[in-house]
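Fold and contact review
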Amino acid sequence: MPYDPSSSEARWQKAWAEAGSFTAIRDERPKYYVLEMFPYPSGRIHMGHVRNYTMGDVVARFKRAQGFSVLHPMGWDAFGMPAENAAMEQGGHPRDWTYANIATMRDQLKPLGLSIDWSREFATCDDDYVHQQQAMFLDMLDAGLITRKSAQVNWDPVDMTVLANEQVIDGKGWRSGATVERKELTQWFFRISDYSDELLSALDGLSGWPEKVRLMQANWIGKSRGLQFRFATVDAPEGFEAIEVYTTRPDTLMGASFAALSPDHPLVKKLAETRPEVAAFIEECKRIGTTEEAIETAPKLGFDTGLTVTHPLDPNWQLPIWVANFVLMDYGTGAIFGSPAHDERDHEFATKYGLPIRATFGQPGMTLEQADELVAAAPFVPLKSETVTYVRGFAGDADQTGEAAVDAAIAHAEAQGYGEGVTKFRLRDWGISRQRYWGCPIPVVHCDSCGTVPEAKENLPVLLPQDVSFDVPGNPLDRHPTWRQATCPKCGGAARRETDTMDTFVDSSWYYARFTSPGADTPTNRADADYWMNVDQYIGGIEHAILHLLYSRFFARAMVKTGHLPEAAKEPFDALFTQGMVTHEIYMTRDAKGRPVYHLPEDVTDGRLADGTEVEIIPSAKMSKSKKNVVDPVNIVDSFGADTARWFMLSDSPPERDVEWTAAGAEAAYKFLTRVWRLAEETGADIDDPALIRSAHRAIADVTRSIEGFAFNKAVAKLYELANAIAKSKADGAPRKAALRIMAQLMAPMVPHMAEDLWSMADGQGMVVDAPWPKADPALLEDDTVTLPIQINGKRRAEISVAKDMPKDQIEALVMADETVIRFLEGASPKKLIVVPGRIVNVVA
RNA sequence: GCGGGCGUGGUGGAACGGUAGACACAAGCGACUUAAAAUCGCUAGGGCUUUGCCCGUGCGGGUUCGACUCCCGCCGCCCGCACCA
């Protein structure tokens, strides 16, 4: 009977489903919650999904075999713009498009044989999920976690919606191509910045997270300690008698040469009202654009207002107030003092506009003159931990580190009363209002007499109207004839519904908690949440290192505060694994005009198209539809079976690195599974082989350790070794089947269908999915004799075979008698003889 | 600019400070076959004066009996953040 995955995989999937093998239940076993980041229902599954979910499945099945009660759910991150875009382009309704995609993708996912508890499946656009998310929104609003305020947003005037920063490309909307405008809008915000310090310091406790992700989050939160103080202004308009300034280098205060304001600073706006040249300068700054590239290459522009401020340490010292395009309104206070001697940017500015450059400190031992000379052509910016000599110091010692000087300066300011030490964060509040239809409605109404009023819980869910069209740009909720009409829950009068919907990151910030009790009529059922949380192992792409994971960490805290999660779940993901991408070569030809034309891998054989045209091969890159370097998992499963796709995904490349999909690699995976199948078929009369059972037990130890360490590629290599050992062994009959059963158990997390077949062919009892994980017998892990390499002066020259527990002095005697050693020593005695038992011998001649 | 990661055969990659290149892909040779495919077996870092020796983990130093691994200094590539005061 040949290996035929097409029939056997479906059969085993049915058997597992009928046995309810993967239904998560609360029982006396220890629990284990493994979760992969849930997919967006774009239409089809791709190889990235296969890799992600295969890895999660290995962990889930492994833990299940080890005796854990495993929760391994699946759902759909179903709200979002692509559904609306599809409705605009092809007609139809986002809801229909989304649910049709979910059905397709579910059908594509199920044949992979994942050990998922499908009874817990939900989509974030389900009425029920919307309902509970809105209930939670009201709780969080009540708990002071949500606020409504005015903010600058990226506004696409064609699509008539707010764009996220990532959706603004070269100053234009990513979809419409229209120039994005800065617009002030009243928006709903989660007060994540209240948790800046907490979210930062708690990173230290996340020992199961990659260091890289923790660092990225720390950078994003961006904590800095500095001094906030006031410049008294001279002749400024009323209400601007002082300007608040923030600096992380207050120790350079005596090197100040100017004050600079952001073009968005209120004082600048005030001046623009009466002075056209100020307004013109603001316009000029805006033209440069908002992209990182533009900002990076933009020249430093300044405008001298003619106003001055008084230096806080010297009432007779006046500094000019400039407007500078590099000062950002949304960091610090939107105002700085320029310290050109010790700041790259300020130095460039001062040089351009002829402002003074005065050193505050110089290299150790320098005089004031030497230090001024040092900074004349280029700024002197040493690490804050380095000791320098202060030549214009005003607090602390003359020779001190920058850190000590900053502390001393803050202390000085606080003692003298002109400023105070302040900790600032880069992290902004999380704006969640989207002028979009296909999202979770924000459950509030606007009442003329009561203002903004939360919807009453008993009126939830606030569901989206179904009778909408997308033939004109903008949010269909705004122009719906009746949907906006609501009753004020407070006064009972007429009110208008909020038409903004929530950012879809809100949906994905708590789905992991909902999986613990997906049918509950509250956001979570506390008994279930208490039992299943936290997620023991979370697996997903590095692209979510900041936003999704940071929002989830905040949301878990908000859910703790509102009673929806236990205190212990405030860090919801105990361990995080970020897997690499699936890549493929790109095949390209050019059309008559020299434009690139891409070709699908299945249309290319040996570097040529079917008509013989040679293609240009571009090195492997992330699979993308536009470059056509995609392989459809459905085709692979159809031709080779799910186990082949799974096995290949786990082979060769370490999980955290990118893996290149190659046709040859997929075929090799298939060949290996076929070979294992044949190994199980060829059995005869009982012949024992003690070496084989040793190999099998070594494989148990190695594979177990590899899976625990997320080194699936090593686990695969060890299974190749075991297969080779079985093939070479003369063992047959029962002894051979014993080894095959171990093989089946070790392979089961990775290629579960093949493992079931192997298990039953080798006379395993029941299904291998129910067999407990094998334990390696320590007695079988070590051979009685070991081969000891002999190094002479650190180079391997010979080896001896000795009993595993041979005493050192006997080994030494054997080594000294070895003919290679004798030849190298040429009669002399060794300077040193190092014996590392069981490892190596080194003779130093 | 700041922060982090990575450099090992033709390729993907192994290697508690202890035999560098496990395992696999691609390649070559052989067996089986009329032939091919499939399968099985063998070879395989480079070099040489081949019982054996020399050189080899991006480059240059260092620590050590012993370094892919640890330390210092370079070079290259990748990722994240960035006029952040």
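Residues numbered from 1 in each chain as written. Chains lettered and ligands numbered in written order. Predicted model: local features only at pLDDT ≥ 70, side-chain atom pairs only at ≥ 80, totals over all residues. Heavy atoms only, no water.

- The name an unreviewed UniProt entry assigns to chain A is Leucine--tRNA ligase, from the organism Paracoccus onchidii.

1. Observations regarding the overall build of chain A
- Across its full length, chain A holds 28 helices and 34 strands.
- For chain A, the spread of C-alpha atoms along the principal axes amounts to about 105 × 85 × 65 Å.
- Relative to its 845 residues, chain A shows a buried fraction of 54%.
- Sequence separation of 24 or more characterises 71% of the internal contacts of chain A that already satisfy a separation of 6 or more.
- Of the accessible surface of chain A, which amounts to about 37200 Å², a share of 51% is contributed by carbon and sulfur atoms. (Helix = DSSP H or I, 4+ residues; strand = E, 2+ residues; numbered from the N terminus. Buried < 20%, exposed > 50% of the residue type's maximum accessible area, 1.4 Å probe, protein only. Contact = heavy atoms within 4.5 Å. Areas by Shrake-Rupley, 256 points an atom, 1.4 Å probe, with all protein chains shown as cover.)

2. Re the environment of Gly306
- Counting through the fold element by element, Gly306 comes out in strand E11 (residues 302–311).
- Residue classification places Gly306 among the exposed positions, given a relative accessible area of 58%.

3. Brief notes about the packing of aromatic side chains
- Enumeration over the complete set of coordinates arrives at 45 aromatic pairs.
- A centroid spacing of 6.1 Å and a plane angle of 70° characterise the contact between Tyr511 and Tyr512, whose relative ring orientation is edge-to-face.
- Given a relative accessible area of 0%, Tyr512 falls into the buried group.
- Linked through ring pairs, Phe38, Phe122, Tyr129, Trp510, Tyr511, Tyr512, Phe515, Tyr538 and Phe573 together constitute an aromatic cluster.
- The ring of Tyr246 is capped by Lys424, whose NZ or CZ atom sits 5.2 Å from the centre of that ring.
- For Arg497, the ring lying beneath its charged end belongs to Trp483, and the centroid distance is 5.8 Å. (Phe/Tyr/Trp six-rings, centres within 6.5 Å; stacked < 30°, edge-to-face > 60°. Lys NZ or Arg CZ within 6 Å of the ring centre and 35° of its normal.)

4. Focus on the protein's contact with RNA strand B
- Near RNA strand B you find 50 residues, and of these Thr247, Thr248, Lys300, Leu328 and Lys714 are the closest.
- Looking at RNA strand B alone, sugar and phosphate atoms form 61% of those within 4 Å of the protein.
- Contact between RNA strand B and Arg839: a base nitrogen at 3.3 Å from a side-chain N or O atom of the residue.
- In this structure, Asn842 approaches RNA strand B through a side-chain N or O atom, which is 2.6 Å from a base oxygen.
- Take the surface near RNA strand B: its biggest share by element is 6 residues, from helix H23 (residues 712–728).
- Its residues placed into classes, the surface near RNA strand B shows 21 nonpolar, 9 polar and 20 charged. (Near = heavy atom within 4 Å. Polar contact = N/O pair within 3.5 Å; in protein donor to acceptor, adjacent residues only side chain to side chain. Nonpolar A, V, L, I, M, F, W, Y, C, P; charged D, E, K, R; others polar.)

5. Let's talk about the sheet that holds strand E15 (residues 387–390)
- One open sheet holds the 3 strands; their spatial order is E14-E15-E16, and the pairing between them is antiparallel. What marks the edges here is a single partner per strand, and that holds for strand E14 (361–362) and strand E16 (399–401).
- In this sheet, E16 lies alongside E15 in antiparallel orientation, the contact comprising 3 bridges. Paired with Thr387 across the two strands is Thr401, which belongs to E16.
- Contacts between helix H13 (residues 402–416) and the sheet are confined to E15 and E16, with E16 contributing the most and set at about 95° to the helix. (Pairing = 2+ DSSP bridges. Axes fitted to C-alpha atoms, helices over the stretch in contact; angles between N-to-C directions.)

6. Quick word on the side chain of Thr389
- By the element assignment, Thr389 lies in strand E15.
- Not counting residues up to four positions away in its chain, the partners in contact with Thr389 are Thr360, Phe361, Gly362, Gln363, Pro364, Gly365, Met366, Ala398 and Asp399.

7. Examining unusual backbone geometry
- Residues Leu460 and Pro461 are joined by a peptide bond in cis, for which omega reads -5°.
- Along the chain, the position of Pro461 falls in the loop between strand E21 (451–454) and helix H14 (476–479).
- For the bond from Met533 to Asn534, the omega torsion is 5°, close enough to zero to count as cis.
- Mapping Asn534 onto the fold places it in the loop between helix H17 (526–532) and strand E25 (537–541).
- Backbone geometry places Asp235, a non-glycine residue, at a positive phi of 60°.

8. A closer look at the side chain of Asp757
- Here Asp757 is to be found in helix H25 (residues 752–761).
- On the accessibility criterion, Asp757 (4% relative accessible area) is buried.
- Residues in contact with Asp757, not counting those within four places in the same chain, are Ser8, Arg11, Trp12 and Trp677.

9. A look at the pairing of strand E7 (residues 181–190)
- When strand E3 (residues 146–156) meets E7, the two strands line up antiparallel, connected through 10 bridges. Bridging from a neighbouring strand, Arg148 pairs with Trp188 of E7.
- In terms of strand pairing, E7 meets strand E18 (residues 430–431) through 2 bridges, oriented antiparallel. The residue of E18 that forms the bridge with Phe189 is Gly431.

10. Regarding the nonpolar core
- By size, the foremost hydrophobic cluster in this structure holds 160 residues, and its most contacted members are Phe137, Tyr512, Phe555 and Met747.
- Of the residues forming this core, the biggest block, 10 residues, is contributed by helix H18 (residues 547–561).
- Ignoring any residue separated from it by four or fewer positions in sequence, one finds Phe555 in contact with Met136, Met140, Phe190, Trp430, Val506, Ser509, Trp510 and Tyr512.
- Residues Ile243, Ala259, Ala395 and Val406 belong to the second largest nonpolar core, which totals 37 residues. (Core = buried A, V, L, I, M, F, W, Y, C linked by side-chain atoms within 4.5 Å.)

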